[in-house]
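Summary of structural features
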Amino acid sequence: MFASQAVLLVFIGQQSQMAKLAVSIQNLKTFKNVDKSLFERFYFGYPYCLEKAGSFLIEPDHLKQAITEIKKLGKEAFLITPAVLQNKELGLVESAIEQAVKWGLDGIEVNDVAMFAVAKKWPNLKVLAGFFVNVYNPQAALEYIKEGATTVLAHPELMYEEIKEIADYVKSQISNTLTGTVPRPSEWGLSPNVEIAVYGNLPLGAAYDCYLKTVDSERVCHQQCTKPYYFKHQMSNVKSNAEFAMRSVGKANLMANEFCLLEHIDQLKTLNANYWRLETSLYESVKINTIGKAFFECNKGANPAGYIRNIKLLAPNGLCDGWFLGKSGHSYTGSQQKVAI
Amino acid sequence: MSDIELLAPAGSLEAAQLAVEAGADAIYAGPSSVSMRPRRAEFTNKELKELIDYVHSEGKKIYVVANIFPKSYDVEYFKQSLADIYKMGPDAFVVSDIWALRHVKKNFKDVAAHVSIQASISNYQTASFYDKNGADVVVISRSLPDFTDIKEIRQAVKCQLEVFIHGGICFMFDGHCYMSSYFKQEMGFDKERQIQRIFGQNNTKGECHLVCKRQYDLNSYSNKIGSGRLMRRPDQVGLNLIPLFIESGVNIFKIEGRAMSKEYVSQSVSLYRRAIDEYLANPKSFAVDADWAEAAEVLKWHRLEYERKWNIK
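My aim in this report is to walk through the structure given alongside it, one point at a time. From a predicted model like this one, the values you see are computed outputs, not experimental measurements. (Residues numbered from 1 in each chain as written. Chains lettered and ligands numbered in written order. Predicted model: local features only at pLDDT ≥ 70, side-chain atom pairs only at ≥ 80, totals over all residues. Heavy atoms only, no water.)

1. A look at the side chain of A:S285
Convention followed: Secondary structure counts use DSSP, requiring at least four H or I residues in a row for a helix and at least two E residues in a row for a strand, with both numbered from the N terminus. We call two residues in contact when some of their heavy atoms are within 4.5 Å.
Along the chain, A:S285 falls in helix α10 (residues 285-299). A:S285 has contacts with A:T30, A:N33 and A:V34, leaving out every residue within four places of it along the chain.

2. Looking at the side chain of B:H103
Defined as follows: Each residue is assigned to one of three classes by its accessible area relative to the maximum for its type, calculated with a 1.4 Å probe on protein chains only: buried under 20%, partly exposed between the two thresholds, exposed over 50%.
Looking at the element boundaries, B:H103 is found in helix α4 (residues 98-107). With relative accessibility at 11%, the residue B:H103 sits in the buried group.

3. What about the interface of chain A and chain B?
Under the convention used in this document: Buried surface area refers to the total accessible area, computed with a probe of radius 1.4 Å, that the two partners give up upon joining, counted for both partners together. Each reported salt bridge corresponds to a side-chain nitrogen of Lys or Arg within 4 Å of a carboxyl oxygen of Asp or Glu.
Between chain A and chain B, the contact holds 64 residues from the first and 64 residues from the second. Taken over both partners, the interface formed by chain A and chain B buries close to 5600 Å², and the fraction arising from carbon and sulfur atoms is 59%. A per-residue breakdown of the area chain A buries against chain B is headed by A:N87, A:Y208 and A:Y211, which together make up 15% of the total. In this assembly, chain A and chain B are joined by four salt bridges.

4. Thoughts on the pattern of salt bridges
Once the charged atoms of two side chains with opposite charge are near each other, the side chains can pair. Residues and elements named next belong to chain A. Counted by the stated rule, this structure contains 33 salt bridges over all chains. Residue E51 pairs with K213 through a salt bridge whose shortest N-O separation is 3.1 Å. One end of the pair, E51, is in the loop between β2 (41-44) and α3 (60-72); the other, K213, is in helix α8 (residues 211-214), with 162 residues separating them in the sequence. Note that R277 is salt-bridged to E195, the shortest N-O span being 3.0 Å. Of the two residues, R277 is situated in strand β13 (residues 275-279) and E195 in strand β7 (residues 193-200); the sequence distance between them amounts to 82 residues. Looking at R277, the relative accessible area reads 3%, which means it is buried. Salt bridges sharing common partners tie together R41, E76, E109, K126, E195, R277 and E279.

5. Section: the packing of aromatic side chains
Note the threshold: The aromatic pairing rule takes the rings of Phe, Tyr and Trp, using the six-membered ring of Trp, and pairs them if the centres are within 6.5 Å, calling planes under 30 degrees apart stacked, those over 60 edge-to-face and the rest tilted. Comment: the charge-over-ring label is applied if NZ (Lys) or CZ (Arg) is within 6 Å of the ring centre and within 35 degrees of the ring normal.
In total, this model carries 31 aromatic pairs over all chains according to the counting rule given. Between A:F116 and B:F129 the ring centres are 6.2 Å apart and the planes differ by 25°, which places this aromatic pair in the stacked class. Here A:F116 is found in helix α5 (residues 114-119), whereas its partner B:F129 is found in helix α5 (residues 124-132) on a different chain. Take A:F116 and B:F129: they sit in the same class, and that class is buried. Note on A:Y136 and B:F69: the rings are 5.8 Å apart at their centroids and 35° apart in plane angle, and the pair reads as tilted. Of this pair, A:Y136 sits in the loop between β5 (126-129) and α6 (138-146) while B:F69 is found in the loop between β4 (61-66) and α3 (75-86), placing the two residues in two different chains. Take A:Y136 and B:F69: they sit in the same class, and that class is buried. The structure contains a cluster of three or more aromatic residues connected by ring pairs, namely A:F31, A:F39, A:F42, A:F44 and A:F56. Against the face of B:W292 rests B:R274, its NZ or CZ located 3.9 Å from the ring centre.

In structure tokens, the structure reads:
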């Protein structure tokens, strides 16, 4: 490696910037009332089920409206593609992307590696290597970048130090110099982007079939998933006799506690991520705006203590800090424990 | 000679010996810390060398399962582990992580690379992704609803296709489950690797707390909808499906159960050996009759129904 390249790599790896907020929104009704000024990137859709009524992926007119509005604001519009696709679903997703590209879609979130090949049909389409492609180490992140990922979501099952290793490594890369990398426009910048989940009922798994349909002997979709269903388990062999809970949305289980890193925002900033992701596809606009405002203001320096109380009021099952501190995912320590930077 | 292969699990040398005696064509086993199974079902390098030598002495194949998603601090250990095992002469490494696949292809060119069930390959584009990345075998997800899907995958790839034909099944797609570490994980000292690390992670480590097998209540608002082992799925018994799988282009039938007893391994291998051989000898007249004694014995090990009680409907 030439010395100048080495210097450039160090420079890219060390430059710091303020993370932009990214938000996931399931349908047009919610989108209309979300405060767009808080967010720079919008993820439209729902990764768990193609039958979800109103979801952007199966409502092209709604998607068109949302993308058109976002592009007028000069912000980014992404389409969430589902996890673990079946053969018969590939065509539907691909045609949704094809249409959305014409309306100005900036990128897609890939949750099945199948979509990397599909995305290559549109060279100017950005790609997020999303939650379900399992980025657990820097080397895997690099392989997905070579497959076309322009942003990598470090898997939230990792703790701070592990996320930092991925973030530093990804940001030290120069995309168009990597063998096998899909060429990208220069205006996208030299290095790939890093995204980190900071809030939401994060997925705990994608299920084979809709659990809530199995309650129904005729296995018909009645949109039960719009109601809050919880699996509850009485924990034993632990000091506290706490109840362990997970939310069922039919084709996935999600955290019952809402994953929140607001009280770790100082540590978050040291990761130098490009995007902080609010995984809010289940929420109404009022809640999204409250959470978005909290992260927006705290990112600029406001004290999280002033915002965390409001967020807790909106979280019916309380908060958790997930795996960020290397503890059981459902526990919450908040400001009581800080990650050593 | 048929190119259909019966692949048996081994959590111990004894289990492997019984599987070979019962008619397995190949054995799969996991080395310490890099496979998705409890430590008691994994092999130290010394044990693995003994296992590989034994399996080869019987003229069978041995596939080494290295299907964790390594974390940053695992990567060097993972690389060293595979390099050490490579010298023992395995026939294949079974991996999940995209980097691990490319690492095997780049560094161990004379060893086959299999993509694990953890990749949950459910469509032809995903299978094609791994095929183009050098996979010699891809394991198809247990979720595929019909055989047309498998035929479409067959047409899209050059590599061999493998299916889990028999055994326990998870609630979530393999490799897409993070419930275990949400339930419980903690920092501890790994005596074997002499490092401080997190224990109790499902997706990356195979240290599953079997969260989906536990007792739950299902509630909505204040109503209890159901109770019991609500997420526990019936086990998979694919005996009657063998003809359809073969006609769809499947090459390898895998029996699940590295953590199961050696008696279970022996009985299940014996049963599937008979079924495959009878089908290949007489495809048109193949049928599993009720009097197959082996079937009755093997089925005793399994749950064939959901264990759910609903309070509504």
